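For reference, the chains in residue letters:
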Amino acid sequence: MIGLISATAAGAAARDRLAAAWPDRTRVYEGPAGEAVRAAFAECDRLVCFLATGATVRLLAPLLGDKAADPGVVCVDEGGRFAVSLVGGHGGGANELAREVGELLGAEPVVTTATDAVGLAGLDTLGLPVEGAVAAVSRALLDGEPVALEAESAWPLPPVPFAEQGAYTVRLTDRDVQPGPHEVLLRPPSLVVGVGASKGAPVEEVLGLIEEALREAGLSVRSVAELATVDAKSEEPGIVAAAESLGVPLVTYPADELAAVAVPNPSDAPLAAVGTPSVAEAAALVGGGELLVPKRKSAATPAMATCAVVRRPGRGRLAVVGLGPGARDLLTPRAAAELRRASVLVGLDQYVDQIRDLIRPGTRVLESGLGAEEERARTAVAEARAGHAVALIGSGDAGVYAMASPALAEASDDIDVVGVPGVTAALAAGAVLGAPLGHDHVSISLSDLHTPWEVIERRVRAAAEADIVVTFYNPRSRGRDWQLPKALAVLAEHREPGTPVGVVRNASRPDESVRLTTLAGLDPATVDMMTVVTVGNTATRNIAGRMVTPRGYRWQHAPEGAQ
């Protein structure tokens, strides 16, 4: 919950804008500022104070304890010009909150955390539990000193400029070891604990067994990703409470699914009780991995709990990211976040150039030229399979005539895939033209490099006969100069010569050009590969210099005064 505190009418107005935008995330604290800050500090995980920074510092000072537990605090000035990350930049989430508040209120986010200031991913922002000399190792990274990564297993980390060797070390491990004086430990969520229990097994017995099994195997409890069991035990109080105590989800599986998992220690007892010869081992192994701790029973007499521990390998992550049509303000926040998260970036060289300033230090960039789409797709998937966090970029929406299709054709279920939508060329051009896509519409690529012309022409003819607005991608190049005239001729068999046609080149970019013409008046020689051509249907009109396709609302045709 985000606590909102203000002391003046101007501050209250901005405060209320946040409260209205985030009704489920915020709570307004009324009354004197000092009392409001104290109450919000005790009850919320983040605060936004619409107060002077000096006043906010004085109010916060007696309340501050441990930066790992204190809420993050953002301070917004009276004029709403700046959103200052004041306390808890990383651990408290104030840096990200300052950016969110700034975006919503039109304020400039002020983030002074050193790693954020130079674009480095903070070691405490990598999404993993962290232990050890975080400040010292972070300072070494900032000073350009070599910091080595020792990864005991592949894991999709965000980019950090690690070296092969160094006096400082970041170790990725799920083993129960202590960090050295110049070392940071990152705990990957790599361990799955399978649990079985008799009815009424006390949480102390279940939790004690798990902790003992991890300790004797030399494994860190901070790397436990989940507890797993059979569906029949999904509400067993001792198991549910153990998961809550460890702060991990409880995942359950049907008995027949667990019965199909090969285990080293099957038993007749669980088969008779819940329908599977193994609960603990099978539940831990159902997703694959290495069995580190075979089934073991609790020490109580009679034993009421069993557990087993499996280490699952890290899964690589492939984000297929649409960059939009070119304008930076049409790049979505989600796309920008994925670019910052990726340790490997794969893309066409000209697209990489568009967002090179957003790439964090330490990111490995694999760029290539035109015509290498399949190679880029294979490279991105291979890097993800190697355990990396990969961003494969494309213009517009990566799923529309772009990289998502070849990449996902290469990918299997051994990696995680995330699609990040982008503003397509058709949408960017449509917004410039007016509202040409106001009714049913279709996009057709006129490139016959991958699709036979006979297929393309059949699709154009179907759209023409169905009276659907058509947006042509890849309309004309120096080597393909006859396809666009042919497609227009097919449309002309079903549409009047005066049908509006919009021609947009480099939509949203500084050299954008826009022309509104007609089906008969379009000169194909003025079109190239950077152009999108939108041909209206029989209802499309040129209204006040804008291309509009009505949807057929009844009120548009009603007599005056009859609405």
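Residues numbered from 1 in each chain as written. Predicted model: local features only at pLDDT ≥ 70, side-chain atom pairs only at ≥ 80, totals over all residues. Heavy atoms only, no water.

**Q** Would you mind going over the overall build of the protein chain in detail, with residue names and values included?
**A** Across its full length, the protein chain carries 18 helices and 28 strands. On the principal axes, the C-alpha backbone points of the protein chain span a range of 90 × 65 × 60 Å. Within the protein chain, buried positions represent 46% of all 563 residues. A separation threshold of at least 6 residues defines the contact pool for the protein chain, and within that pool the share at least 24 residues apart is 64%. Only carbon and sulfur atoms are counted for the fraction: they give 52% of the accessible area of the protein chain, which is about 26300 Å². (Helix = DSSP H or I, 4+ residues; strand = E, 2+ residues; numbered from the N terminus. Buried < 20%, exposed > 50% of the residue type's maximum accessible area, 1.4 Å probe, protein only. Contact = heavy atoms within 4.5 Å. Areas by Shrake-Rupley, 256 points an atom, 1.4 Å probe, with all protein chains shown as cover.)

**Q** Could you give an account of the side chain of Arg317, naming the residues involved and the relevant values?
**A** With respect to the element layout, Arg317 can be found in strand S16 (residues 317-322). With relative accessibility at 14%, the residue Arg317 sits in the buried group. Leave out the neighbours within four places in its chain, and Arg317 touches Pro156, Glu338, Arg341, Ala384, His388, Ala389, Val390, Asp416 and Val418.

**Q** Now, about the packing of helix H17 (residues 453-465) against helix H18 (residues 483-492): what can you tell me, with residues and values included?
**A** Taken N-terminus to C-terminus, the directions of H17 and H18 make an angle of 30 degrees; their axes are 9 Å apart at the nearest point. The interaxial crossing formed by H17 with H18 has right-handed handedness. Residues Trp453, Glu457, Val460, Arg461 and Ala464 of H17 touch H18, and the partners they reach there are Gln483, Lys486, Ala487, Val490 and Leu491. Tallied by class, the residues present in the contact of H17 with H18 amount to 6 nonpolar, 1 polar and 3 charged. (Axes fitted to C-alpha atoms, helices over the stretch in contact; angles between N-to-C directions. Left-handed = near helix turned anticlockwise from the far one by under 90°. Nonpolar A, V, L, I, M, F, W, Y, C, P; charged D, E, K, R; others polar.)

**Q** Please provide a residue-by-residue account of the pairing of strand S22 (residues 441-445), values included.
**A** Bridge count between S22 and strand S23 (residues 469-473): 5 bridges; the pairing is parallel. Residue pairing in the sheet places Val442 in a bridge with Val470 of S23. For the segment spanning S22, H17 and S23, crossover handedness is right-handed. (Pairing = 2+ DSSP bridges. Right-handed = clockwise from strand over helix to strand, strands pointing away.)

**Q** Residue-level account of the sheet that holds strand S21 (residues 434-435), with values.
**A** Reading across the sheet, the 3 strands line up as S21-S28-S27 and stay open at both edges, with mixed pairing between neighbours. This sheet does not close on itself; its edge strands, each paired only once, are S21 and strand S27 (541-543). Two strands pair when backbone bridges link them, and S21 and strand S28 (residues 546-548) are joined in this way by 2 bridges, in the parallel orientation. Within the sheet, the bridge partner assigned to Ala435 lies in S28 and is Val548.

Function cannot be inferred from these measures alone, as they are strictly geometric.
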